Amino acid sequence: MATGTLTIDLSAIADNWRSLNAASGGAVETAAVVKADGYGLGAGRVARTLAQAGARRFFVAVAEEGAAVREALGPGPEICVFSGHMAGDTDMIADLDLTPMLNSVDQLTRHMEALPGHSFGIQLDTGMNRLGLEPAEWAAVRDLIAAQSPRLIMSHLANADEPGHAQNAAQLACFREMTDGFDAPRSLAATGGILLGPEYHFDVTRPGIGLYGGLPFDEAKPVATLALPVIQLRDLEAGETVGYGATWQADEPAKIATVSAGYADGLIRTMSGRAMLYANGVACPLAGRVSMDLLTVDVTHLTQVPRELEILGPDQSVDQLADAAGTIGYEILTSLGARYQRRYLGAGG
Ligand SMILES: *Cc1c(COP(=O)(O)O)cnc(C)c1O
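For clarity, every value in this text was computed on a predicted model and none was experimentally measured.

Engineer: Could you give an account of the overall build of the chain, naming the residues involved and the relevant values?
Structural biologist: Looking only at helices and strands, the chain has eleven helices and 19 strands in total. Residue burial in the chain is summarised as follows: out of 349 residues, 52% are buried. Surface exposure of the chain reaches about 15200 Å², of which carbon and sulfur atoms provide 49%.

Engineer: Report on the packing of aromatic side chains, specifying residues and quantitative values.
Structural biologist: Enumeration over the complete set of coordinates arrives at five aromatic pairs. A ring pair is formed by Phe-59 and Phe-82, whose centres lie 5.0 Å apart and whose planes are at 10°; its orientation type is stacked. One end of the pair, Phe-59, is in strand E4 (residues 57-60); the other, Phe-82, is in the loop between strand E5 (78-81) and helix H5 (90-95), with 23 residues separating them in the sequence. Note on accessibility: Phe-59 and Phe-82 belong to one class, buried. Look at Phe-175 and Phe-202: their rings are 5.0 Å apart centre to centre, the planes differ by 90°, and that puts the pair in the edge-to-face class. Of this pair, Phe-175 sits in helix H8 (residues 166-179) while Phe-202 sits in the loop between helix H9 (191-196) and strand E10 (204-205); the two residues are 27 residues apart in sequence, bridging distant segments of the chain. When the ring centre of Tyr-344 is taken as reference, the NZ or CZ atom of Arg-45 above it lies at 4.2 Å.

Engineer: So, the nonpolar core: which residues are in play, and what are the values?
Structural biologist: Leu-228, Leu-267 and Leu-295 are the most contacted members of the largest nonpolar core, which has 78 residues in total. With six residues, the single largest contributor to this core is helix H1 (residues 10-22). The residues that make up this core include at least three from each of domain 1 (10-212) and domain 2 (224-345). In this view, Leu-267 contacts Leu-226, Leu-228, Ala-261, Gly-262, Val-290, Leu-295, Ile-311, Leu-321 and Tyr-340; residues no more than four positions away in its chain are not counted. Ranked by size, the runner-up nonpolar core spans 21 residues in total, among them Leu-124, Val-141, Ala-160 and Met-178.

Engineer: Go over the sheet that holds strand E7 (residues 121-123), please, and point to the residues and values.
Structural biologist: Read across the open sheet, the seven strands follow the order E3-E4-E5-E6-E7-E8-E9; overall the sheet is parallel. Two strands bound the open sheet, and with one partner strand each, they are strand E3 (32-33) and strand E9 (186-187). Note that strand E8 (residues 153-154) and E9 share two bridges and pair parallel. The residue bridging Met-154 from the neighbouring strand is Ser-187, located in E9.

Engineer: Could you give an account of the domain arrangement of the chain, with specific residues and numbers?
Structural biologist: Interface size is often expressed as the accessible area that is lost when the parts come together. Taken domain by domain, the chain comprises domain 1 (10-212) and domain 2 (224-345). Distance between the C-alpha centres of domain 1 and domain 2: 37 Å. On the domain 2 side, the residues contacting the ten residues of domain 1 number nine residues. Buried area between domain 1 and domain 2, both sides added, is near 870 Å², and the carbon and sulfur share of it is 64%. Together, Tyr-39, Leu-41 and Ile-209 form the three largest contributors to the area buried by domain 1 at its contact with domain 2, with a combined 50%. Our enumeration of links across domain 1 and domain 2 arrives at three residue pairs in polar contact (both at pLDDT 80 or more). Broken down by secondary-structure element, the contributors of at least two residues to the side of domain 1 that touches domain 2 are H1 and helix H2 (35-39).

What counts, and where the lines are drawn
Residues numbered from 1 in each chain as written. Predicted model: local features only at pLDDT ≥ 70, side-chain atom pairs only at ≥ 80, totals over all residues. Heavy atoms only, no water. Helix = DSSP H or I, 4+ residues; strand = E, 2+ residues; numbered from the N terminus. Buried < 20%, exposed > 50% of the residue type's maximum accessible area, 1.4 Å probe, protein only. Areas by Shrake-Rupley, 256 points an atom, 1.4 Å probe, with all protein chains shown as cover. Phe/Tyr/Trp six-rings, centres within 6.5 Å; stacked < 30°, edge-to-face > 60°. Lys NZ or Arg CZ within 6 Å of the ring centre and 35° of its normal. Core = buried A, V, L, I, M, F, W, Y, C linked by side-chain atoms within 4.5 Å. Domains from an automatic or database assignment. Contact = heavy atoms within 4.5 Å. Pairing = 2+ DSSP bridges. Buried area = accessible area lost by both parts, 1.4 Å probe. Polar contact = N/O pair within 3.5 Å; in protein donor to acceptor, adjacent residues only side chain to side chain.

Dropping the structure here:
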């Protein structure tokens, strides 16, 4: 078997949810964001695990993603859709019992006409300028919406991973101004917002990345381990080169391991010449360019080359690998490809 093994620790995901839940007061509900197939780790397994841990409200990006989550959870838990109620979504929203987070006057109109009485939430724009009603639009529809009992009023922070950023306080003030006195549960904080402190928590928090072991939740337990099989070992003489473009050259005799995984598996090409793999804790640098299905790794310094090298695990976190690739942990996780053999550890699987 030449595919890599992606091991996903569901108990660690449950522990991360409990830790983020404990970071807010007992009256605050901790939901779970499972969009993009649970940040690439499997929305159904993750949602079931978190429902067992106590989560009762889940968020997906688009209505289509609600299907796998509803199938995993069965009736009962609330599944909220960040993109709201798009044209063509009505049947899915009704059949899967989804709660669209309406983000424009158009969506409000569509929802009230197509599914009167069906649950919904509202997204407000407090400065990110991505999704949500602007203050003037909200002022115009606020009383009408109050009469319809929305399930949640939410907004999203643009700089929550930077505690000192002035936009956090500005968005908080804007959110308060728009929603104080409005009779519905409120939500502002994702992972970063939870860590900003209690004034950001309101009634419901919406952690995503922290559940999956990523920054800015630096106390997160690691969740993903990715081990890649060595499929060939070769000895090079000084002066020989490795890979496309011949970008790596041996200064002296070297040993190269060719490992099964490449940019088609989410190990993006910008890792070339920068990222490390690990052999039982010993760092082994990539040699040459990442190709579609293969990585070439300098293992000259190893006395014994193991059958597999790790690229994610105890020696290298998702964020450390992301740093080497010039990106963020979110992108590494959600890019992990479909070819890996996926193994789930712990409860809920
Ligand atoms: C993705 C997302 C979240 C979760 O954010 P994390 O930073 O992963 O915790 C919460 N709310 C909204 C609106 C999102 O788009």
